[in-house]
Amino acid sequence: VQLQASGGGLVQAGGSLKLSCVGSGIIFSANGMGWYRQAPGKQRELVAGITNSGRTEYVDAVKGRITISRDNVNTVLLQMNSLKPEDTGVYYCNTLASNYKFTWGQGTQVTVSS
């Protein structure tokens, strides 16, 4: 059972990235899934979530710039546009449920330069 996030990188402000999270040995379909970010020196926080019915939610700081999507097997995507330096951090995916989490993967680093 493993969550593998990929697609991060170094981009200039205003650029775009598309992150992908694939679960090996995991079926996501019964779970709301989210993308979390851990910025340097800060706690990990939820930035975008999608329920198993496809309803999405975003923190205010990313609304209009970031889109979460999923298939109902084992992949969750995060399209990130108009990136800002404050979007910098390690991005992880996991369930939305506070009392049910898969083991955290290594995440993918996103660095946005000004």
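The preceding data block contains the structure.
A. Local environment of the pairing of strand β7 (residues 66-70). Of the two faces of β7, only the one carrying Ile66, Ile68 and Arg70 is buried; Thr67 and Ser69 on the other face are not. As judged from the five bridges shared by β7 and strand β8 (residues 75-80), these two strands associate in the antiparallel manner. For Ile68, the partnering residue across the bridge sits in β8 and is Leu78. The antiparallel pairing of β7 with β8 creates a hairpin that spans four residues between the two strands.

B. Fine view of the sheet that holds strand β1 (residues 2-6). An order of β1-β3-β8-β7 is seen for the four strands of this open sheet, with the pairing classed as antiparallel. With one partner strand each, in any of the chains shown, β1 and β7 form the two edges of the open sheet. In this sheet, neighbouring strand axes are inclined to one another by 15 degrees on average, regardless of whether the strands run parallel or antiparallel.

C. Region of the structure containing the pattern of salt bridges. The full count for this structure, using the stated rule, is five salt bridges. Between Glu57 and Arg55 there is a salt bridge, with its nearest N and O atoms 2.5 Å apart. Judged by its relative accessible area of 48%, Arg55 falls in the partly exposed class. Counted as one network, the salt bridges with shared partners bring together Arg37, Glu45, Arg65 and Asp87.

Reading the values: the criteria
- Residues numbered from 1 in each chain as written.
- Predicted model: local features only at pLDDT ≥ 70, side-chain atom pairs only at ≥ 80, totals over all residues.
- Heavy atoms only, no water.
- Buried < 20%, exposed > 50% of the residue type's maximum accessible area, 1.4 Å probe, protein only.
- Helix = DSSP H or I, 4+ residues; strand = E, 2+ residues; numbered from the N terminus.
- Pairing = 2+ DSSP bridges.
- Axes fitted to C-alpha atoms, helices over the stretch in contact; angles between N-to-C directions.
- Salt bridge = Lys/Arg side-chain N within 4 Å of Asp/Glu carboxyl O.

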